[in-house]
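# Survey of secondary and tertiary structure
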Amino acid sequence: MTSTPIVRLENVRKQYGKVVSLKNVTLEIGSNEIVGLIGDNGAGKSTLIKVLTGVEQPSSGTIYVRGQKIDAASYSVKEAHKLKIETVYQDSSLGEKQPLWRNFFVGRPLTNRFGFIDVKAEKKIANQIMRSTIGFRGVGIDVDTPVSRLSGGERQGVAIGRAMHFDSDLIVLDEPTVALALKEVNKVLDFIRSIKAGGRSCIYIEHNIHHVHEVCDRLVVLDRGEIALDAPTSSLTYTELTDFLMSLHKPAVAS
Amino acid sequence: MSAGAHVTPTRSNPVASFFKIEGTATALVFVVLIVVFMLTAPRAFLGYRVYMSFMASVPPPLIIALGLTLVATAGEMDLSFPSVVAFASYVFAFLFQQYDMTWLALLAALLTGTAMGFVNGLVVTKLGIPSMIATLAMMFLWGGLLTVVSNGLTVAIPAIDGTLIQSIMVGRVGGIVPMQMIWAIGISIFVWQLLNRHRFGENILFIGDSLKVAKVVGIQIDREKIKLFTLMGFLSALAGVFLTVETTTYFNQQGQGYLLTVIAAVFIGGTSIFGGSGKVVGTVFASLIVAVIEAGLVASGVQGFWTRFFIGLVFIISVVMNTAIEDPDKVPLIKSVRSRLRQ
């Protein structure tokens, strides 16, 4: 991590009305590292990701991407895409009623200068991504299949394949293994490893601590809007990690 | 057992895949209706005149329905279009009558409707009022404003007979085919392309599918919605001018009668009320269906009161058909019948 970090958040705060979701977060994501983001429901994980990927603007604080300060007001999902930051949300990355090929390209379709979509080219590339990048062999699934007919694992595959295709430097995975069968979970974990092998970085948000400990280089624990821990995975055993997470709850009970 | 096995497989069934083609179910209903009316009212429906009159009267509501199909695809609604139709009609008729304007009057009418649509879009997005309510309010607002401006008067423009604009917009090709039908078909093709092949259409599809997803993939939701309502205003105004040039009159209630039939046409055509799916071809046939029912029942000697009853009946049948084609289990009755057959 000698090079400039891909993303650096400095003293980022986000509140919705009176509710403070992020208190004072400073966090770096270096190049070619997998960072596990852990925290309870409501700890601020989703908010952190939304701020990082331009879905929401921070209430205060600064974001740097590759050392460059980002103008928070104009930072949007489109900007994040241009800066090669891509997000795979657990349940809201794909349009259910839309065919797969549209889902691969939505937001940045291949168009002529009048804005008309080159459907043939999109379908061809979508087919390639499905076959080679994510290795789809699902029976009866092709680029015209609507997302509503896919299984949970297949949906993650599509979203992940899309992120790969657009050659992102940082891929954010928001609980990709929720509601997946064990076999499909392993596929997702393999993908996370392949992100690193491909020289890219990944933020992996997960409830299952075991998965996080298995694949991540670094662990970040969020607790009630603040960073409670930021340490290399090698410095903690799995048991130490769970003990630490349990200890977070004690003060809350005492007070 | 054998009955159950007979019902379930649909994947490679040629009949099923035929109905997967956009608009085929609606087209079938249309053809059935025509055949029925050929039997019950042969004098009218075996001649060509009744079809000529359809082609003259269907284009205005069809053009509005095309716009509304896009609006519904985005999961929105526009109830203000009758007032936009009336306002644009008035602007056109007034400018033609008072200042002898033809193309300029058309341009002014279209600009008026477009501006009204733009305002509708602002009210929906910037004030955050659900479009069903916002556009209902705008229907009153625009309609009231029009009555004030026009004093509720009727504007007759018989002088438009024989002008170039009349023959281009509503002339009869070869003395038979009304020009407005050709325009309407052209606009239908354009709207189909816009929805299914243009990035604007794709954005609309995803907005209607899920606002969350649309936001996450970087679609500028408000901007696209404003564009959408603006386009709806433009198409409503265009429909209004077609209507005015065809009938050579503007009257105060112009366009009011379209409200329910246009909405019916959009959903008879298979567009989803929940958004995310729009069927332009379906809308075209459904607009014809609504007109055919009205004319067909009267020609068959059924009392006029029955028209609405039958529109309602066809409405329900079509919507159920469209849902069943997409997924038979979405219709609870079919689902329970199928599960009983399987036992």
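Everything quoted here is computed from the prediction, not taken from an experiment.

## Regarding the overall build of chain B
- When you go through chain B residue by residue, the secondary structure sums to 18 helices and four strands.
- Here chain B has a C-alpha radius of gyration of 21 Å; the compact-globule value for 343 residues is 20 Å, and the two agree.
- When its C-alpha atoms are laid out on the principal axes, chain B stretches across 75 × 55 × 35 Å.
- Burial statistics for chain B: of 343 residues in total, 46% are counted as buried.
- Sequence separation of at least 24 residues holds for 76% of the intrachain contacts in chain B that already meet a minimum separation of 6.

## Here we look at the overall build of chain A
- When its secondary structure is counted, chain A shows eight helices and ten strands.
- Relative to a compact globule of 255 residues, whose C-alpha radius of gyration would be 18 Å, chain A shows 19 Å and is just as compact.
- Taken along its principal axes, the extent of the C-alpha atoms in chain A is 60 × 40 × 40 Å.
- For chain A, the share of sequence-separated contacts (at least 6 apart) that also reach a separation of at least 24 residues comes to 67%.

## What to know about the environment of I34 of chain A
Residues and elements named next belong to chain A.
- With respect to the helices and strands, I34 occurs in strand β3 (residues 34–38).
- Classification of I34 as buried rests on a count of 22 C-beta atoms within 10 Å.
- In the structure, I34 is positioned 167 residues away from S201 in sequence and 5.6 Å away in space, judged by C-alpha atoms.
- Ignoring any residue separated from it by four or fewer positions in sequence, one finds I34 in contact with I192, I195, K196, C202, Y204, V215, C216 and D217.

## Points about the sheet that holds strand β2 (residues 19–29) of chain A
Residue and element names in this part refer to chain A.
- The strand order across the open sheet formed by four strands is β2-β1-β4-β5, and the pairing between neighbours is antiparallel. Whereas interior strands pair on both sides, the edge strands pair on one side only; in this sheet they are β2 and β5 (68–70). Taken over all neighbouring pairs, the strand axes of this sheet differ in orientation by 25° on average, direction set aside.
- As paired elements, strand β4 (residues 60–65) and β5 share three bridges and run antiparallel to each other.

## Concerning the interface of chain A and chain B
- Tallying the contact residues gives 24 residues for chain A and 19 residues for chain B.
- Here the side of chain A that touches chain B takes three residues from helix α2 (residues 77–82) of chain A, the largest share from any one element.
- Partitioned by chemical class, the residues of the side of chain A that touches chain B number nine nonpolar, eleven polar and four charged.

## With respect to the nonpolar core
- Ranked by internal contacts, the top residues of the largest apolar core, which has 161 residues, are Y204 of chain A together with I64, F92 and I289 of chain B.
- Broken down by element, the residue count for this core peaks at 14 residues, all from helix α14 (residues 221–247) of chain B.

## What about the sheet that holds strand β6 (residues 85–88) of chain A?
Residue and element names in this part refer to chain A.
- Sheet architecture is open: six strands sit in the order β6-β7-β8-β3-β9-β10, paired in mixed fashion. A single partner strand is all that each edge strand has here, and the edge strands are β6 and β10 (226–232). On average, each strand axis in the sheet is tilted by 15° relative to the strand beside it, whichever way the strands run.
- In this sheet, strand β8 (residues 201–205) lies alongside β3 in parallel orientation, the contact comprising four bridges.

## Some points on the confidence of the model for chain B
All names here are of chain B.
- Overall, the predicted model of chain B reaches an average pLDDT of 88, with 97% of residues at or above 70.
- Mean pLDDT per element in chain B: helix α1 (residues 2–7) is the minimum at 37, and helix α6 (residues 59–73) is the maximum at 96.
- Across residues 1–11, confidence stays below pLDDT 50; counting only partners more than four residues off in sequence or on other chains, it has seven contacts.
- As a predicted assembly, this complex carries a pTM of 0.83 together with an ipTM value of 0.80.

How each quantity is defined
Residues numbered from 1 in each chain as written. Chains lettered and ligands numbered in written order. Predicted model: local features only at pLDDT ≥ 70, side-chain atom pairs only at ≥ 80, totals over all residues. Helix = DSSP H or I, 4+ residues; strand = E, 2+ residues; numbered from the N terminus. Rg over C-alpha atoms; globule rule 2.2 N^0.38 Å. Buried ≥ 20, exposed ≤ 12 C-beta atoms within 10 Å, placed from the backbone. Contact = placed C-beta atoms within 7 Å. Pairing = 2+ DSSP bridges. Axes fitted to C-alpha atoms, helices over the stretch in contact; angles between N-to-C directions. Nonpolar A, V, L, I, M, F, W, Y, C, P; charged D, E, K, R; others polar. Core = buried A, V, L, I, M, F, W, Y, C linked by C-beta atoms within 7 Å. pLDDT = per-residue confidence, 0-100.

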